[in-house]
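# An overview of the molecular structure
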Amino acid sequence: MASPSHVLPFLSPTGAASSVRVSPGRRAGLLRCAAAAGQAGFFTRLGRLIKEKAKSDVEKLFSGFSKTRENLSVVDELLTYWNLADTDRVLDELEEALLVSDFGPKISFKIVDTLREEIRDGKLKSGAEIKAALKRCILQLLTSKGGNSELNLGFRKPAVIMIVGVNGGGKTTSLGKLAHRFKNEGVKVLMAAGDTFRAAARDQLEVWAERTGSEIVIDNDKKAQPPAVLSQAVKRGKREGFDVVLCDTSGRLHTNYGLMEELVSCKKVIAKALPGAPNEILLVLDGTTGLNMLQQAREFNDVVGVTGFILTKLDGTARGGCVVSVVDELGIPVKFIGVGEGVEDLQPFDAEAFVEAIFP
């Protein structure tokens, strides 16, 4: 006996309403495609919305980078009375200011050489034009090397974000602040307390779960390994229709290869529980360490494949140039920056707003 079919309406090329008869299997497939498209649209809008919020919070960026901006205030002093005869001296001092702000030798030399060439070619004829060219160079580095700084949340629920990093960098706090941003957009969030080696981390995450109105999966028997906790969380997220699962992991030094390999296990069990996950692996880096963070970033990226950075504690340092250094060195985008201790002070990264914030 032939299986029953269903009639689905559609528009003909002329715009006239018509219908087509499809089998139950074909109809289920069409509905699944429609659901997937709807979820993809949801996550695309969510990533873009969170990124756009950075532009409305530009004042926080200005206050967060006040020390870096103070460090770079010499730029205006150098360029206000610039004249062609002073070019070499001014550019040498400009290079020093960039180095002190942790732009890194390679970037600092590259920027200054570009400015010197444009001055020599007669393209820059005033201090104001040199400053504009300086900002343009930095913006180009961030946008050409860093790629898209929006969150890539995939096309189906739940989106899974894995947070990794060394102890003391602000990993668990960053996860909690990220949950706060998601909840403000009406997102259903599940946290996974994958840092099972440190009881304080689990307790801290439970506080964040309560504070943000998120659900949480914890190690109830006190013996479960991190991969097991994360697997359980992702399966629950899928089963109960959560929008986003935020996975905390144990802090580890990048030189401890045994613990670094455990991150690979965490990534594998997440992918097994939900093919295609995790959608993002965000490495939290302490901005106060400046260029010293680069070796950490290289090691984590080599082991687990980092998709984006969260740079924390930038409000307490004059080393804002490290943002540019890490992007230029690794070609991985900065997704968020920490510019204060408040719950709203984990800011989505916007290259244009950043450049404006670090220069007086």
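Residues numbered from 1 in each chain as written. Predicted model: local features only at pLDDT ≥ 70, side-chain atom pairs only at ≥ 80, totals over all residues. Heavy atoms only, no water.

Identification of the protein chain as SRP54-type proteins GTP-binding domain-containing protein from Urochloa decumbens is taken from an unreviewed UniProt entry. Quoted verbatim from the Sequence similarities (unreviewed entry) field of the UniProt record, the comment on the protein chain reads "Belongs to the GTP-binding SRP family." The annotation that UniProt attaches to the protein chain under Subcellular location (unreviewed entry) is "Membrane". (UniProt positions renumbered as here; feature names shortened; annotations may be inferred.)

### A word on the packing of helix α8 (residues 171-184) against helix α9 (residues 199-212)
In contact at an axis separation of 10 Å, α8 and α9 are set at 15 degrees when each is read in the N-to-C sense. Classified by the angle between their axes, α8 and α9 sit roughly parallel to one another. You can see that α8 and α9 cross each other, and the crossing is right-handed. The segment α8 lies against α9, with Thr172, Thr173, Leu175, Gly176, Lys177, Ala179, His180 and Lys183 engaging Ala201, Gln204, Leu205, Trp208 and Thr212. Across the contact of α8 with α9, the residue classes tally to 5 nonpolar, 6 polar and 2 charged. (Axes fitted to C-alpha atoms, helices over the stretch in contact; angles between N-to-C directions. Helix = DSSP H or I, 4+ residues; strand = E, 2+ residues; numbered from the N terminus. Parallel < 35°, antiparallel > 145°, perpendicular 65-115°, else oblique. Left-handed = near helix turned anticlockwise from the far one by under 90°. Contact = heavy atoms within 4.5 Å. Nonpolar A, V, L, I, M, F, W, Y, C, P; charged D, E, K, R; others polar.)

### With respect to the pattern of salt bridges
Taken as a whole, this structure holds 20 salt bridges when the rule is applied. Between Glu215 and Arg236 there is a salt bridge whose closest N-O contact spans 3.2 Å. In this pair, Glu215 sits in strand β5 (residues 215-217) while Arg236 sits in helix α10 (residues 226-239), placing the two residues 21 residues apart along the sequence. Of the residues examined, Glu215 reaches a relative accessible area of 39% and is grouped as partly exposed. The residue Asp286 makes a salt bridge to Lys313 at a minimum N-O spacing of 3.5 Å. Remark: Lys313 occurs in the loop between β8 (308-312) and α13 (322-330) and Asp286 occurs in strand β7 (residues 280-286); sequence separation between them is 27 residues. With a relative accessible area of 15%, Asp286 lands in the buried category. (Salt bridge = Lys/Arg side-chain N within 4 Å of Asp/Glu carboxyl O. Buried < 20%, exposed > 50% of the residue type's maximum accessible area, 1.4 Å probe, protein only.)

### Notes on helix α14 (residues 351-358)
Of all 8 residues in α14, 6 are buried, a share of seventy percent or more. All of the buried residues in α14 are Ala351, Ala353, Phe354, Val355, Ala357 and Ile358. For α14, the capping residue at the N-terminal end is Asp350, with a side-chain oxygen 3.3 Å from the backbone nitrogen of Glu352. (Polar contact = N/O pair within 3.5 Å; in protein donor to acceptor, adjacent residues only side chain to side chain.)

### Focus: the side chain of Asp219
Tracing the backbone through its elements, the reader meets Asp219 in the loop between β5 and α10. In this structure Asp219 is buried but unpaired, with Arg202 as the nearest side chain of opposite charge at 5.0 Å. Aside from chain neighbours lying at most four places away, what touches Asp219 is Thr196, Arg202, Ala224 and Val229. (Lys, Arg positive; Asp, Glu negative; His and termini not counted.)

### Describing the nonpolar core
In terms of nonpolar packing, the biggest core is built from 76 residues, with Leu142, Phe309, Leu311 and Val326 touching the most fellow members. With 7 residues, helix α7 (residues 127-146) is the single largest residue contributor to this core. Contact partners of Val326, with chain neighbours within four places excluded, come to Leu285, Met293, Leu294, Ala297, Phe309, Leu311, Gly331 and Val334. Ranked by size, the runner-up nonpolar core spans 26 residues in total, among them Leu151, Ala193, Val284 and Phe336. (Core = buried A, V, L, I, M, F, W, Y, C linked by side-chain atoms within 4.5 Å.)

### Structural notes on the side chain of Ser174
As for its placement among the helices and strands, Ser174 is situated in helix α8. Within the local environment of Ser174, its side chain forms a polar contact with the backbone oxygen of Gly170, the two atoms lying 2.7 Å apart. Residue contacts for Ser174: discarding those within four places in its chain leaves Val284, Ile310, Thr312 and Leu346.

### Describing the packing of helix α5 (residues 87-100) against helix α6 (residues 105-120)
Look at α5 against α6: their axes get within 9 Å of each other, and the N-to-C directions meet at 155 degrees. By the angle between their directions, the pair α5 and α6 is classed as roughly antiparallel. Note on packing geometry: the crossing formed by α5 with α6 is right-handed. In this structure, α5 uses Thr87, Asp88, Leu91, Asp92, Leu94, Glu95, Leu98 and Leu99 to contact α6, whose residues at the interface are Pro105, Ser108, Phe109, Ile111, Val112, Leu115, Arg116 and Ile119.

### A word on the packing of aromatic side chains
This structure, assessed with the given rule, holds 2 aromatic pairs. Ring centres 5.3 Å apart and planes at 80 degrees place the aromatic pair Phe65 and Phe354 in the edge-to-face group. One end of the pair, Phe65, is in the loop between α2 (58-64) and α3 (66-71); the other, Phe354, is in helix α14, with 289 residues separating them in the sequence. There is no split in this pair, since Phe65 and Phe354 are both buried. (Phe/Tyr/Trp six-rings, centres within 6.5 Å; stacked < 30°, edge-to-face > 60°.)

### Some details on the sheet that holds strand β4 (residues 189-194)
Read from one edge to the other, the open sheet built from 8 strands follows the order β5-β4-β6-β3-β7-β8-β9-β10, with strand pairing classed as mixed. Looking at strand neighbours, the two that pair on one side only are β5 and β10 (346-348), the edges of this open sheet. Between one strand axis and the next, the sheet turns through 25 degrees on average, direction left out of account. Packed onto the sheet, α10 meets β3 (159-165), β4, β5 and β6 (244-249) and runs at close to 170 degrees relative to β4. Contacts between helix α12 (residues 293-304) and the sheet are confined to β3, β7 and β8, with β7 contributing the most and set at about 160 degrees to the helix. (Pairing = 2+ DSSP bridges.)

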